[in-house]
Number of protein chains: 2
Amino acid sequence: MIGMKIGELARSTRTAVETIRYYEKIGLMPQVARTEGNYRSYGSNEAERLGFIRRARDLGFGIDQVRALLSLADERDRDCGEVDFIAKSNLLEVERKIAALQNLQQELSAVVRQCRAGKVADCRILKALGRPADWAD
Amino acid sequence: MIGMKIGELARSTRTAVETIRYYEKIGLMPQVARTEGNYRSYGSNEAERLGFIRRARDLGFGIDQVRALLSLADERDRDCGEVDFIAKSNLLEVERKIAALQNLQQELSAVVRQCRAGKVADCRILKALGRPADWAD
DNA sequence: ATGAACCCTGTAGCAACTACAGGGTCAAGT
DNA sequence: ACTTGACCCTGTAGTTGCTACAGGGTTCAT
Ligand SMILES: [Zn+2]
Ligand SMILES: [Zn+2]
Ligand SMILES: [Zn+2]
Ligand SMILES: [Zn+2]
């Protein structure tokens, strides 16, 4: 579809209109031509680009990583090592976050398990928070 | 230790000085007495309170949850059900985040595995990002 | 011509800090 | 006495990635 207004592009990529304008402001999406009424007019290039951005964001890539991926994608006969590096960095970061949250989950569920429904004065959860963590690990 | 300056309190709780001032600004830490030279002067009450805050934050509680826990902790002969509810909510939220990240990790590592180091034009990672996700799941 | 649905810009807000800028205070060393 | 350096103060702006207005303009159907 050609000559899409921003709302159509938004629907077709499941993106909020304001997000598209935001991407334009930070230079992730291009400034496109306007209609007479000053409406942005998008074509299939932009739709593809936004689709790429959305999928990359959904996979956890940061804005700057997406920016880098997009510009690498244009240098077609270059080696893809940098692309792979970015993707692997993201994967590592995701794995790091999982590990950190799993640690957290362990400690937190240990704390939660302590509670024998009673008065606040005796609550083990508050006791656990109230003093240095010699009870944990 | 009594009559601590903010830097000492910061060191003893492994908190940044600016974070303590920030906690004061948002009402999580109290406004304490000042010295002649207008320096904040902390006692052991505040040190304990900040310790509690730090541990709760480390366990993933949000600022508003910490605020609620602190005020519940003062009503000593109340039932601790609300405390437990907050803690369990936090645990659930942590578990939700872990699950989401594990999903992400699956999809992302599937993408990363595709790459056979070559030219950008053939990079499977970019191909995966460049089109709707019919390759995944 | 009036209304609904859409579009525009620009600014402020979210969480939870972090990083200055541009000062003041205090103790130690010379 | 004076200077250096470490510390402290307030206030504001930046971070990430959007989201939510406020206060307008455009388009199109009825
Ligand atoms: Zn309890
Ligand atoms: Zn631990
Ligand atoms: Zn590749
Ligand atoms: Zn999927």
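Residues numbered from 1 in each chain as written. Chains lettered and ligands numbered in written order. Predicted model: local features only at pLDDT ≥ 70, side-chain atom pairs only at ≥ 80, totals over all residues. Heavy atoms only, no water.

Enquirer: Before we go on, may I ask you to explain the pattern of salt bridges in this structure?
Expert: Close approach of charged atoms lets side chains of opposite charge pair. Residue and element names in this part refer to chain A. Evaluated as defined, the whole model comprises 13 salt bridges over all chains. One salt bridge in this structure joins Arg67 and Asp64, with 3.5 Å as the shortest N-O distance. Here Arg67 pairs with Asp64, and both are found in helix 4 (residues 63–74), just three residues apart, close to one helical turn. Overall, Asp64 belongs to the exposed group, its relative accessible area being 57%. One network of salt bridges, in which partners are shared, links Glu24, Arg34 and Arg40. (Salt bridge = Lys/Arg side-chain N within 4 Å of Asp/Glu carboxyl O. Helix = DSSP H or I, 4+ residues; strand = E, 2+ residues; numbered from the N terminus. Buried < 20%, exposed > 50% of the residue type's maximum accessible area, 1.4 Å probe, protein only.)

Enquirer: How do you make sense of the packing of helix 1 (residues 6–13) of chain A against helix 2 (residues 17–25) of chain A when you look at a structure like this?
Expert: For any two helices packed against each other, the geometry comes down to the angle between their axes and how far apart the axes lie. All names here are of chain A. Where helix 1 contacts helix 2, the axes come no closer than 9 Å and their chain directions differ by 105°. It follows from the interaxial angle that helix 1 and helix 2 lie roughly perpendicular. Residue-level contacts link Ile6, Gly7, Leu9 and Ala10 of helix 1 to Val17, Ile20 and Arg21 of helix 2. Broken down by class, the residue content of the contact of helix 1 with helix 2 amounts to five nonpolar, one polar and one charged. (Axes fitted to C-alpha atoms, helices over the stretch in contact; angles between N-to-C directions. Parallel < 35°, antiparallel > 145°, perpendicular 65-115°, else oblique. Contact = heavy atoms within 4.5 Å. Nonpolar A, V, L, I, M, F, W, Y, C, P; charged D, E, K, R; others polar.)

Enquirer: What is the right way to look at the coordination of the zinc ion (ligand 3) in this model?
Expert: Each angle at a metal carrying four tetrahedral donors should ideally be 109.5 degrees, and each at a metal carrying six octahedral donors should ideally be 90 or 180 degrees. Within the protein, Cys80 of chain A (SG), Asp84 of chain A (OD), Cys115 of chain B (SG) and Cys123 of chain B (SG) serve as the donor atoms for the zinc ion (ligand 3), at 2.3 to 2.7 Å. Viewed at the metal, the four donor atoms of the zinc ion (ligand 3) are separated by angles of 80 to 144°, and the geometry they form is irregular. Here the residue Cys80 of chain A occupies a position in the loop between helix 4 and helix 5 (81–114), and Cys115 of chain B occupies one in the loop between helix 5 (81–114) and helix 6 (124–130), the pair thus bridging two chains. Across the pair, Cys115 of chain B and Cys80 of chain A agree in class, each one buried. (Donors = N, O, S within 2.8 Å, 3.2 Å for Na, K, Ca; no water. Tetrahedral: all angles 85-135°; square planar, octahedral: opposite > 155°, others 65-115°.)

Enquirer: Would you mind showing me how to read the environment of Ile6 of chain B here?
Expert: Residues and elements named next belong to chain B. For Ile6, the location among the structural elements is in helix 1 (residues 6–13). Separated by 33 residues in the primary sequence, Ile6 and Tyr39 have C-alpha atoms spaced 7.9 Å apart. Once residues within four sequence positions are removed from consideration, Ile6 is found in contact with Val17, Ile20, Arg21, Arg40 and Tyr42.

Enquirer: Explanation requested: the domain arrangement of chain A in the structure shown.
Expert: One frequently used descriptor of interface size is the decrease in accessible area upon assembly of the parts. Domain parsing of chain A yields domain 1 (1–60) and domain 2 (87–137). Placing the centre of domain 1 of chain A and that of domain 2 of chain A at their C-alpha centroids yields a distance of 41 Å. (Domains from an automatic or database assignment.)

Enquirer: Would you mind going over the protein's contact with DNA strand D with me for this structure?
Expert: In the region of DNA strand D, 19 residues are neighbours, and Tyr39 and Arg57 of chain A together with Gly7, Arg21 and Arg40 of chain B sit closest. Backbone atoms, meaning sugar and phosphate, make up 75% of the atoms of DNA strand D lying within 4 Å of the protein. With respect to DNA strand D, the side chain of Tyr39 of chain A contributes an N or O atom lying 2.8 Å from a base nitrogen. Gly7 of chain B places a main-chain nitrogen or oxygen 2.7 Å from a phosphate oxygen of DNA strand D. Elements supplying a minimum of two residues to the surface near DNA strand D: helix 2 of chain A together with helix 1 and helix 2 (17–25) of chain B. With four residues, helix 2 of chain A is the single largest residue contributor to the surface near DNA strand D. Residues that form the surface near DNA strand D fall into these classes: seven nonpolar, five polar and seven charged. (Near = heavy atom within 4 Å. Polar contact = N/O pair within 3.5 Å; in protein donor to acceptor, adjacent residues only side chain to side chain.)

Enquirer: Which parts of the structure should I look at to understand the nonpolar core?
Expert: Considering soluble globular proteins, one finds that nonpolar side chains tend to be buried as a cluster. By size, the foremost hydrophobic cluster in this structure holds 79 residues, and its most contacted members are Phe61 of chain A together with Phe61 of chain B. In contact with Phe61 of chain A, not counting residues within four places along its chain, are Ala56, Val66, Leu69, Ile86, Ala87 and Asn90 of chain A together with Leu108 of chain B. (Core = buried A, V, L, I, M, F, W, Y, C linked by side-chain atoms within 4.5 Å.)

Enquirer: Quick question: what am I supposed to make of the protein's contact with DNA strand C here?
Expert: Around DNA strand C sit 18 residues in total, of which Gly7, Arg21 and Arg40 of chain A together with Tyr39 and Arg57 of chain B are the nearest. The sugar-phosphate backbone supplies 76% of the atoms of DNA strand C found within 4 Å of the protein. Within the side chain of Arg21 of chain A, a nitrogen or oxygen atom sits 2.6 Å from a phosphate oxygen of DNA strand C. A distance of 3.2 Å is found between a phosphate oxygen of DNA strand C and a side-chain nitrogen or oxygen belonging to Thr19 of chain B. Residue contributions to the surface near DNA strand C peak at four residues, all from helix 2 of chain B. Here the residues of the surface near DNA strand C are counted per class, giving six nonpolar, five polar and seven charged.

Enquirer: Would you mind going over the UniProt feature "domain: HTH merR-type" (unreviewed entry) in chain A with me for this structure?
Expert: Look at the UniProt record and you will see "domain: HTH merR-type" (unreviewed entry) annotated at residues 3–72 of chain A. As annotated, residues 3–72 of chain A has a helix share of 60% and a strand share of 0%, and its two end C-alpha atoms lie 27 Å apart. (UniProt positions renumbered as here; feature names shortened; annotations may be inferred.)

Enquirer: Before we go on, may I ask you to explain the packing of aromatic side chains in this structure?
Expert: We describe a pair of aromatic rings using the distance from one ring centre to the other and the angle between the two ring planes. All names here are of chain A. Applying the stated criterion to the full structure yields two aromatic pairs over all chains. On the basis of an interplanar angle of 45° and a centroid distance of 6.0 Å, the ring pair of Tyr22 and Tyr23 is categorised as tilted. Tyr22 sits in the partly exposed class, given a relative accessible area of 40%. (Phe/Tyr/Trp six-rings, centres within 6.5 Å; stacked < 30°, edge-to-face > 60°.)

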